[in-house]
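So you can see what is in the structure, the chains are spelled out below.
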Amino acid sequence: EVHSRWMRTSLEIETHFCRVIFLGTGYWFFWSIVLLSLFGILAAYCTLLVVLAFLLVWEGYEPNLHWSHKVLVLLVIVTISFFLWILFTYWRDRWLTTGLSLQIFAPYVHLSGITMMVILSWPVGFYLIHLEEEARIRRYKMANYDREKTKRCNTLTKLRALQVAIGLPFFLILLCLYVIPLGIHSPCIQEEGKLGPKPDFFGHRGAPMLGPENTMMSFEKAVEQGAWGLESDVQLSLDHVPFLMHDYDLRRTTNIKEVMPNASLTHPSLFHWRFLSTLNAGKWFVQSPLKPFYRMKALSKADRERAENQTIPKLIDLLELAQKEKKFVMFDLNAPPRKHPVRGTYIRRVVRLILDSKIEQHLIFWLPAFDREYVKQAAPGFQQVGRLYSIERLTKENISRINVDYKRLFYNGLRDYKAANIKINLYLVNEPWLYSLAWCSKIHSVTTDNIHILSQLDQPYFLMTPGYYMFMWLLMDSVSAVLIVTVFYFHCHQKRELGSQESSNLSINSPFRVMESPWTLASLYPALTKSRRKHPGSHHLLVVPKKKANEPEQVREVIKSLMPHEDAVRQLASPKKSFEPTWDDARKYTLQTALPPLKMNKPAVSSIETFQSEIEPENIPKSKPSQESSLTVFSPTTSMFSTGLVSKN
């Protein structure tokens, strides 16, 4: 229903836009669909460019857009701004439809919005907790790396800004949804028994979804659907015959371009009735490639044949049908052009025709305001219908019914007029939700094109009692709050568990001499630096001698057990600082008791075999018995550090 509401609103704007194009070009087509599709594609593409540019700036890169993209973005911004200005200027009243829709859809938008926020809480919670964990890690690293403190502080600020940009709108929208029912006023939220009677129907130009507008077939279809009254538009021919026609030319609803193309732009009142009666007024309705109305049902074969043979009716034909079916008649009486012979007397001629038709006067709802005093005197039984005049003027002119645009219902629901016992007819009401709003607002009648659908409603849509809505409001707020808190707690708890698992994987008990810092390799083993050579590249690596096959297995196992884990050493050793050596008796005693007696002339064997594959065997110098054999590979650039053990001859 919400989708249908927006579709109808957009189609109304499109229809008016296409009508303006039609008046200028004479060709009817939904140009607005083409323009909306084109601008929609351009707007989507430009939005993608803006998002990509924002991400590049966020990561510290300069968004170098091509000149064509810059021109395209500027063109789209200017064009969309121009059309928005047109919409807000010339269709400003149509935005009131949005306000009216909120009056009836607000309770359901509120409940649907809370449901949507609960669904969005899952990704939002996950992302906020992830950013919080990232910020915590950044703060921890800032304490150990003073040189990068400024850079990490900027990163931390970006993380906090991103958290605020995501979390603050989420919680503000959620808070507004929780308290928005305090400001909701919906006519369809009312106690049982206070609903007014169902509004009556005026068939707008008959039943234009079931037959060609302003033809006898259309009016007869409206009577079949239970119309309370019939609405039409009246013009006078050049020989003073009132006939039914809405447009100011004959191109859209007749075959004038086939019969007399040169006169297709002439005003209908400048033709004689003899010529007007020969025009076909139904083929356009059947043979048009585009349906006159959105979602209009296909006609049966009999209705198609009947529609193709329709002609322009006279006003007297409509009055006879209304008298026969006891239906009310309301019409707009269009003034003839300036050169028309009855320009000044067309009101009196129409009144005289109505009185001569012998129709009951109370069946006529007289709408034209021109020369109203004469009408009251000549036909006192006519029911005078006014516009949205002031209550004082309506009372003075003895007008008890007004015909207003449905968008005026936005202003206090026209309560002042209902309080003054003035009956209200709304036009043009085609949507079930809008008809339901008029029903809940105690409107007396509506003018509609969609009489075959609205007549089937037995009660208004979205009708509920205040107690039921209060119960649903509190229930949805409570359940949604519990679910959102649960989602955030789940993400936080899951993140903590993952962090504890990672910490447990990194925590390994290292030898005592490794855990104590500071110490450096050069200070502990000054002779070890003699055996290192420059590795191809920018790093200086310590070369480990090749192990021999007859080396005792026991020595290798003991050394491997004493080697600390690489990740643990990386955490403990800072690559940015140098430490002074410390060697006490406790360490020496620990080393002597940990290692078994080694034989002479057998250097210790390294348990790290990774770097041997990177060095060619022929380039490795042979170690002498007087030298120390190393078990350590140290790279200042990569911050890899391992411990070493020394065995002397």
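Here the structure is a predicted model, which is why all the values come from computation and not from measurement.

## A closer look at the overall build of the chain
At step 1: A tally of regular secondary structure across the chain gives 23 helices and 11 strands.
At step 2: Taking all 649 residues of the chain together, the buried fraction comes to 41%.
At step 3: The contacts in the chain between residues at least 6 apart in sequence include a share of 67% that link residues at least 24 apart.
At step 4: A total of about 37100 Å² of accessible surface is found on the chain, and carbon and sulfur atoms cover 59% of it.

## Focus on the pattern of salt bridges
At step 1: A full pass over the atoms with the stated rule returns 14 salt bridges.
At step 2: Ionic pairing is found between Asp249 and Arg251, a salt bridge with its closest N-O pair at 3.3 Å.
At step 3: Classification of Arg251 by relative accessible area gives buried; the value is 9%.
At step 4: Linking Arg387 and Asp332 is a salt bridge whose minimum nitrogen-to-oxygen distance equals 3.3 Å. With Arg387 in the loop between strand S6 (383-386) and helix H14 (391-396) and Asp332 in strand S4 (residues 328-333), this pair connects stretches of sequence that are 55 residues apart.
At step 5: Take Arg387: its relative accessible area is 31%, and that puts it in the partly exposed class.
At step 6: Here the salt bridges do not stand alone but share partners, grouping Arg205, Glu213, Asp233, Asp247 and Arg252 into one network.

## Topic: the nonpolar core
At step 1: Leu333, Ile354, Trp366 and Leu426 are the most contacted members of the largest nonpolar core, which has 68 residues in total.
At step 2: Of the residues forming this core, the biggest block, seven residues, is contributed by helix H16 (residues 432-440).
At step 3: Beyond its immediate stretch of four places on either side in the chain, Leu333 contacts Val234, Leu236, Tyr346, Ile347, Val350, Trp366 and Pro368.
At step 4: Val241, Phe243, Leu250 and Leu276 belong to the second largest nonpolar core, which has 13 residues in total.

## Re the confidence of the model for the chain
At step 1: Mean pLDDT over the chain stands at 76; residues scoring 70 or higher make up 70%.
At step 2: Below a pLDDT of 50 lies the segment residues 528-551, which in the model reaches 50 contacts outside its immediate sequence neighbourhood of four places, other chains included.
At step 3: Segment residues 558-562: pLDDT under 50, and 12 contacts once partners within four positions in sequence are set aside and those in other chains are kept.

## With respect to the UniProt feature "transmembrane region" (unreviewed entry) in the chain
At step 1: Under the UniProt annotation, the feature "transmembrane region" (unreviewed entry) is placed at residues 29-58, 70-88, 108-129, 161-180 and 468-490.
At step 2: The span residues 108-129 is 100% helical and 0% strand by assignment, and the distance between its end C-alpha atoms comes to 31 Å.
At step 3: The span residues 468-490 is 100% helical and 0% strand by assignment, and the distance between its end C-alpha atoms comes to 33 Å.

## Some thoughts on a nonpolar patch on the surface
At step 1: On the surface, a nonpolar cluster with roughly 470 Å² of combined accessible area is contributed by Leu48, Val51, Leu52, Phe54 and Leu55.
At step 2: Here Phe54 is to be found in helix H2 (residues 31-58).

## Observations regarding the packing of aromatic side chains
What characterises a pair of aromatic rings is the spacing of the ring centres plus the angle enclosed by the ring planes.
At step 1: The tally for this structure, following the rule as stated, stands at 23 aromatic pairs.
At step 2: Relative to Phe488, the ring of Phe170 has its centre 6.5 Å away and its plane inclined at 45 degrees; by these criteria the two rings are tilted. Taken together, the positions of Phe170 in helix H5 (residues 149-179) and Phe488 in helix H18 (residues 466-506) put the pair 318 residues apart, joining distant regions of the chain. Residue Phe170 shares its accessibility class with Phe488, and that shared class is buried.
At step 3: For the cation-ring pair, Arg348 lies above Tyr374, with the distance from its terminal atom to the ring centre recorded as 4.3 Å.

## Focus: the pairing of S6
At step 1: Relative to S6, strand S5 (residues 364-366) is paired through two bridges, and the arrangement is parallel. From the neighbouring strand, Phe365 faces S6, where its bridge partner is Gln383.
At step 2: For the handedness criterion, the β-α-β arrangement of S5, helix H13 (residues 372-378) and S6 is classed as right-handed.
At step 3: When S6 meets strand S7 (residues 401-405), the two strands line up parallel, connected through two bridges.

## Regarding the state of the cysteines
At step 1: Taken as a whole, this structure holds one disulfide when the rule is applied.
At step 2: Across a sulfur-sulfur distance of 2.4 Å, Cys188 and Cys440 are joined as a disulfide pair. Residues Cys188 and Cys440 share a disulfide whose torsion about the S-S bond is about 100 degrees; that sign makes it right-handed. Highlighted residues: Cys188 in the loop between H5 and strand S1 (200-204) and Cys440 in helix H16, separated in sequence by 252 residues. An identical accessibility class is assigned to Cys188 and Cys440; each is buried.

## Focus on the environment of Asp239
At step 1: Assignment of secondary structure puts Asp239 in the loop between strand S2 (229-236) and strand S3 (242-244).
At step 2: For the pair Asp239 and Trp273, spaced 34 residues apart in the sequence, the C-alpha separation amounts to 6.7 Å.
At step 3: Apart from residues no more than four positions distant in its own chain, Asp239 is found in contact with His272 and Trp273.
At step 4: In terms of polar contacts, Asp239 uses its side chain to reach the side chain of Ser237, at 2.4 Å.

## Topic: the side chain of Thr253
At step 1: Within the fold, Thr253 resides in the loop between S3 and helix H7 (256-259).
At step 2: Each residue touching Thr253, except ones within four places of it in the same chain, is listed here: Glu213, Met245, Asp247, Asn280, Ala281 and Trp284.

## Topic: the side chain of Thr97
At step 1: When you line up the elements, Thr97 lands in helix H4 (residues 96-144).
At step 2: We classify Thr97 as buried; its relative accessible area is 5%.
At step 3: Side chain to side chain, Thr97 and Tyr406 meet in a polar contact 3.1 Å long.

## As for helix H11 (residues 315-325)
At step 1: Restricting attention to buried positions, one finds in H11 the residues Leu315, Ile316, Leu318, Leu319, Leu321 and Ala322.
At step 2: For H11, the elements touching its buried residues are helix H6 (216-224), S2, S3, S4, helix H12 (346-356) and S5.
At step 3: Trailing H11 by a residue or two, Lys326 shows a phi angle of about 60 degrees, which is positive.

## So, the packing of H6 against H11
At step 1: H11 packs onto H6 with a crossing angle of 15 degrees between their chain directions and a minimal axis gap of 11 Å. Taken as axis vectors, H6 and H11 run roughly parallel relative to one another. Here H6 and H11 pass one another in a crossing that is right-handed. Where H6 approaches H11, its residues Met216, Phe219, Glu220 and Val223 are matched on the opposing element by Asp317, Leu318, Leu321 and Glu325.
At step 2: In terms of residue class, the contact of H6 with H11 is made up of five nonpolar, no polar and three charged.

About the thresholds
Residues numbered from 1 in each chain as written. Predicted model: local features only at pLDDT ≥ 70, side-chain atom pairs only at ≥ 80, totals over all residues. Heavy atoms only, no water. Helix = DSSP H or I, 4+ residues; strand = E, 2+ residues; numbered from the N terminus. Buried < 20%, exposed > 50% of the residue type's maximum accessible area, 1.4 Å probe, protein only. Contact = heavy atoms within 4.5 Å. Areas by Shrake-Rupley, 256 points an atom, 1.4 Å probe, with all protein chains shown as cover. Salt bridge = Lys/Arg side-chain N within 4 Å of Asp/Glu carboxyl O. Core = buried A, V, L, I, M, F, W, Y, C linked by side-chain atoms within 4.5 Å. pLDDT = per-residue confidence, 0-100. UniProt positions renumbered as here; feature names shortened; annotations may be inferred. Patch = residues over 30% accessible without salt bridge, like charges linked within 9 Å, V, L, I, M, F, W, Y side chains within 5 Å. Phe/Tyr/Trp six-rings, centres within 6.5 Å; stacked < 30°, edge-to-face > 60°. Lys NZ or Arg CZ within 6 Å of the ring centre and 35° of its normal. Pairing = 2+ DSSP bridges. Right-handed = clockwise from strand over helix to strand, strands pointing away. Disulfide = S-S within 2.5 Å. Polar contact = N/O pair within 3.5 Å; in protein donor to acceptor, adjacent residues only side chain to side chain. Axes fitted to C-alpha atoms, helices over the stretch in contact; angles between N-to-C directions. Parallel < 35°, antiparallel > 145°, perpendicular 65-115°, else oblique. Left-handed = near helix turned anticlockwise from the far one by under 90°. Nonpolar A, V, L, I, M, F, W, Y, C, P; charged D, E, K, R; others polar.

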